[in-house]
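Here are the chains, one letter per residue:
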Amino acid sequence: MGNSVGLMDRFRKILGLRKTQGILLAVLSLLVILLPLVANNYIEEVATNTLFYIVLALGLNIVVGYAGLVDLGYAAFFAVGAYTTGIFMKFGLNFWLTIPIAILFSVIAGIIIGGPTLRLRSDYLAIVTLGFGEITRITARNLKITGGASGLVGIQRPSIFGHILNQITDFYYLFLVLVVLAIIIAIRLHNSRLGRAWQYIREDEDAAEAMGIDPVKTKLYAYMIGASFGGIAGAFFAVKMTAISPETFAFTQSALILLAVILGGMGKIPGAILGAAFLVLFPEIFRGIGQMRMLLFGILLVIIMIFRPQGLWPERKG
Amino acid sequence: MSKKFRSMVAVTILALALGVTGCGTQSSEPTTPSATPAAGGGEIIIGLPLPMTGSEATYGKDMENAIKMAVDEINGKGGVNGKNIVTVTGDDACDPQQATAAANKLVSQGVVAIVGGYCSGATIPTLTVYNEKNIPFVITAANSSKIAAQNPGNTFEINGTAVHQTQKAIELFKKLGAKNVAIVEQGDAYSSDLAKQTEDSWKAAGNTVVSHDVTNKGEQDFSSLVTSLKSKNADVVFWTAYYADGALLIKQLRQGGYKGAIVVGDGSSDPKLIEMAGAAGEGTYVLSPPVADYLPTAKQFAEAYKAKFNQSAGAYAPLAYDGMNLMADALKRAGSTDGKATIKALSDTKDFVGLAGKINFAADKTLKESNFIVLQITGGQFVLQ
Amino acid sequence: MTVFYIVIQQIVNGLILGSFYSLIALGYSMVYGIIKLLNFAHGDIYMVGAFVGYGALGILGSRLGIGWLGIAAALLISMFLVGLLGMLVHRLAYQPLINKRAPRMSLLITAVGVSFTLFNGVMVLTNGEYKTFNTGLGYEGISLGLVNITYTQIIMVVATGILMLTLYWFINRTLYGKAMRAIALDQDACRLMGINVTKTIGLTFFVGSALAAAAGVMAGVYYGSIQFYMGFVIGLKAFTAAVIGGIGSIPGAMIGGLILGLLETAGTQLPFIGSAWKDVFSFGILILLLVFKPTGILGKSEIERM
């Protein structure tokens, strides 16, 4: 218990919150944990979706926010993770055993994408990542092993200690655990030697290089770690949906995840969380207005950017 | 200033979250102001998962219109078991993730039955969502062969399946005396499924598939594809996807001097195909679900639809209309809104007469007999073959 | 049917497709060149252009007929109105961020927001329906052996050529063009020299959007039908074309479009690639090109600091 209070304290410090805000955070956490007791399936589904996008946004935040690299093809890593898990489970492998493989494959994808291209200027990086995203999607669409355009269907639900995870509440908690882990890792990374190297490179690459930081290698680490977040999220996505198809990993998906990161405020963990929450909740709340909702979403995006160009929860410069 | 703003943001997000909660438990779509989750009330709530946004929105709207026509008629005749039917539309945007959220929302709104389903890819992951609550689902358009394979038991397909359509296509190819068939699909679950099934069957019958091409949705230029198809000496070009891109392909095939036959699948069976393809469309064969305009039984429906919505009923309108009527009929036969009883009643459906013909279900809950028809564009109109 | 005929016909196909890419890529490149923004909404501007042209043709058709005269008038009207729309978007959505010296990433997201707005706005306005251009243009043309080229295709390519030459003249021979080029080099210095920077950027948006609108109307006439999502795929392709040619470079965008068009047609025809893999083929070549020539074909290398 003392430990968890300590953790909460550290959270508070890292997030730069005052004591009262710390209490607010604790109340919020409690609400999040107790949500399934009061919510119906739909709310849980939306909440789970939110948690899922938080993991993705935190992963992309490492690439975009920490290391300052553009990535318009993040859905590719998410796809690699989802397909790896889906395919290996089709071969009869246990879900939990597919996770390390999914991570491995998505990290390899990160190296393939990052390796030859990280020397490029950031705008070219945008088109290259976009290209890789499309290549991944088209490849998944054309290959037999990925189920072609129909994708993989009938992916088994995983079980934990003999309990089959097939209720939305199960997935809610599963993704909640993922989010907590992702936040902890993101915070630790931010404060690590590597995290400082990223920040340094982001602020001034030449100076960083002069100080003995290898920019290409350091950037590649950002890609690899960001990719592994996407891979894990993808693996869990596959078993939650039980069906995955190439359309899910189209460019729009990558753009939405990037939007969550930048909307929230690049580089900040609460920002990524807020951005992801906004991204999922907004269209859901406005389901009632039908066709107009995505129009409103677009207009609101522009307005937010005009008034908060640094994002909803920007990084404070020291 | 910054801190104040942050608290404001936090409060807003919290309010947004509460908004979802509110939406989920109490309010409903504006189209159904009286819908409440209480299933025991005087109404029967039926959910319509359809694409209302995104590039398939036109089809979703068309199906929603037809379903609402059926509902108005049913309610006009006193409803089902003394209760009126109320519909709630869930926008699946043709996207699996949004579809799952929409399905859960429909369940939360207390629907007792589901009618609709357009995109196969978006429909498949929702089947279990409904099945867990024993909610029967009549799919009126989506027809990938993966649906029957994944059916958890609550789902009934009243559109002919890809298997049915493939048989019809092969029959037609043989009738046309074709040897070399070129297949073009759009890389989505539906058109790719139909393309693959046709390729396999055509090859199994000892014939040649000279090429199997994939286009991207929204691509406008098929000229290089046309040249490539011509260079492979295809007798028949079979387009398995939707009318918008299909019309472009037909035009460009003719423009490029292709002389062979063109056959298009049921996704292209729409009066707009004729309008968009223009003169180039003449002679094109269309595999079609039973379309209102060519069904003597649906004449009244087609006219009523046109009068009400000021446009022709699309390809899936008759089936959507039939789907709602079938569901109402099953609810009547079950005598209650109990899910299991309704599913049983649907399974027991015998010779239900809809606009599109008789509905009987095979063991896998797809249509026992194919209802596909072959039309040909002649003189700017579809003519039944 | 000989291999020779196929190759020639595919080159013709590739050049026509490529000229559309070029026209749209120009807008990407110009805007990028001047404010370093990847204007994601540009594909949607093209789409809006097609719809405005459709509307204009509907109104003018009764007076001028739906032949080439009517089409030319609709084209010019659409170019003008959509050019204004481009300026409006710049003023409302981008300039406030430029004034605040916002991060470029925020500008990118704003562009995504504008794209969403235009895309969904047109969807709501048109009820998601397809519109058909009834121009009555036939397939008559010239046949060189087995190669078919229709008059419509010839006119399209000529019109594209005229637009590009006009642009070239505008950028290189007029004072406005000079201002644009100067701003691309150093905004602050331009401000000091008394150039109205904001206005010039607005003008760039006008020109870029007008060109996209021209491409939109021409696509509507040439392909015969338009819908609200027609800008998405071609927007991505034009972006790719602009990068292949060297983003920021005007001749680069022209060449990049033609190269991409040829690559795609080649990909469709070549065995072991085919239409299913043609985009992988084009993107693959793009990536290879960038790895070996990181600034594209005609792009200038510059030292960049993030």
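### Structural notes on helix α13 (residues 292–307) of chain A
Think of an α-helix as turning once every 3.6 residues; residues three or four places apart then point the same way.
Working step 1: The end-to-end C-alpha distance of α13 of chain A is 23 Å, a good match for the 22 Å that 16 residues give at a rise of 1.5 Å each.
Working step 2: Where α13 of chain A is concerned, the buried positions are Arg293, Met294, Leu295, Gly298, Leu301, Val302, Met305 and Ile306 of chain A.
Working step 3: Buried residues along α13 of chain A sit in contact with α12 (269–285) of chain A together with α3 (68–99) and α4 (104–126) of chain C.

### Considerations on the sheet that holds strand β14 (residues 381–384) of chain B
Residues and elements named next belong to chain B.
Working step 1: Strand order in this open sheet of seven strands is β7-β6-β8-β9-β10-β13-β14, and the pairing throughout is mixed. The strands lining the two open edges of the sheet, one partner per strand, are β7 (208–214) and β14. Here the strands of the sheet are splayed against their neighbours by 25° on average, with no regard to which way each runs.
Working step 2: Bridging between strand β13 (residues 373–378) and β14 involves four bridges; their strand directions are antiparallel. Within β14, the position partnered with Thr378 by the bridge is Gln381.
Working step 3: The sheet contacts of helix α8 (residues 189–204) involve β6 (180–185), β7 and β8 (236–239), and relative to β6 the element is tilted by about 165°.

### Focus: the interface of chain B and chain C
Working step 1: In this assembly, 30 residues from chain B lie in contact with 32 residues from chain C.
Working step 2: Contributing elements (two or more residues each) for the side of chain B that touches chain C: α2 (57–76), β7, α9 (223–231), α10 (243–255) and α11 (271–277) of chain B.
Working step 3: Counting residues per element, the side of chain B that touches chain C draws most heavily on α9 of chain B, at seven residues.

### Considering the nonpolar core
Working step 1: Ala57 and Ala260 of chain A together with Ile24 and Ala214 of chain C are the most contacted members of the largest nonpolar core, which totals 338 residues.
Working step 2: The residues that make up this core include at least three from each of domain 1 (42–160 + 299–359) and domain 2 (162–288) of chain B.
Working step 3: Apart from the residues lying within four places of it in its own chain, the contact partners of Ile24 of chain C are His42, Tyr46, Ala212, Ala215, Ile234 and Ala238 of chain C.

### Focus: the domain arrangement of chain B
A common way to state how big an interface is: give the accessible area lost once the parts meet.
All names here are of chain B.
Working step 1: Under the domain assignment, chain B is made up of domain 1 (42–160 + 299–359) and domain 2 (162–288).
Working step 2: One C-alpha centre belongs to domain 1, the other to domain 2; they are set 29 Å apart.
Working step 3: Taken together, the contacts link eleven residues of domain 1 with 15 residues of domain 2.
Working step 4: Of all elements in the fold, only α4 (120–123) and α6 (145–150) reach the threshold of two or more residues within the side of domain 1 that touches domain 2.
Working step 5: Within the side of domain 1 that touches domain 2, the residues separate by chemical class into one nonpolar, nine polar and one charged.

### Overview of the interface of chain C and chain A
Working step 1: Listed by partner, the interface residues are 38 residues for chain C and 38 residues for chain A.
Working step 2: Elements supplying a minimum of two residues to the side of chain C that touches chain A: α3, α4, α9 (230–245) and α11 (274–292) of chain C.
Working step 3: Top element by residues in the side of chain C that touches chain A is α4 of chain C. It accounts for 13 residues.
Working step 4: Classifying every residue of the side of chain C that touches chain A by side-chain character gives 27 nonpolar, eight polar and three charged.

The rules behind the values
- Residues numbered from 1 in each chain as written.
- Chains lettered and ligands numbered in written order.
- Predicted model: local features only at pLDDT ≥ 70, side-chain atom pairs only at ≥ 80, totals over all residues.
- Helix = DSSP H or I, 4+ residues; strand = E, 2+ residues; numbered from the N terminus.
- Expected span 1.5 Å × (residues − 1).
- Buried ≥ 20, exposed ≤ 12 C-beta atoms within 10 Å, placed from the backbone.
- Contact = placed C-beta atoms within 7 Å.
- Pairing = 2+ DSSP bridges.
- Axes fitted to C-alpha atoms, helices over the stretch in contact; angles between N-to-C directions.
- Core = buried A, V, L, I, M, F, W, Y, C linked by C-beta atoms within 7 Å.
- Domains from an automatic or database assignment.
- Nonpolar A, V, L, I, M, F, W, Y, C, P; charged D, E, K, R; others polar.

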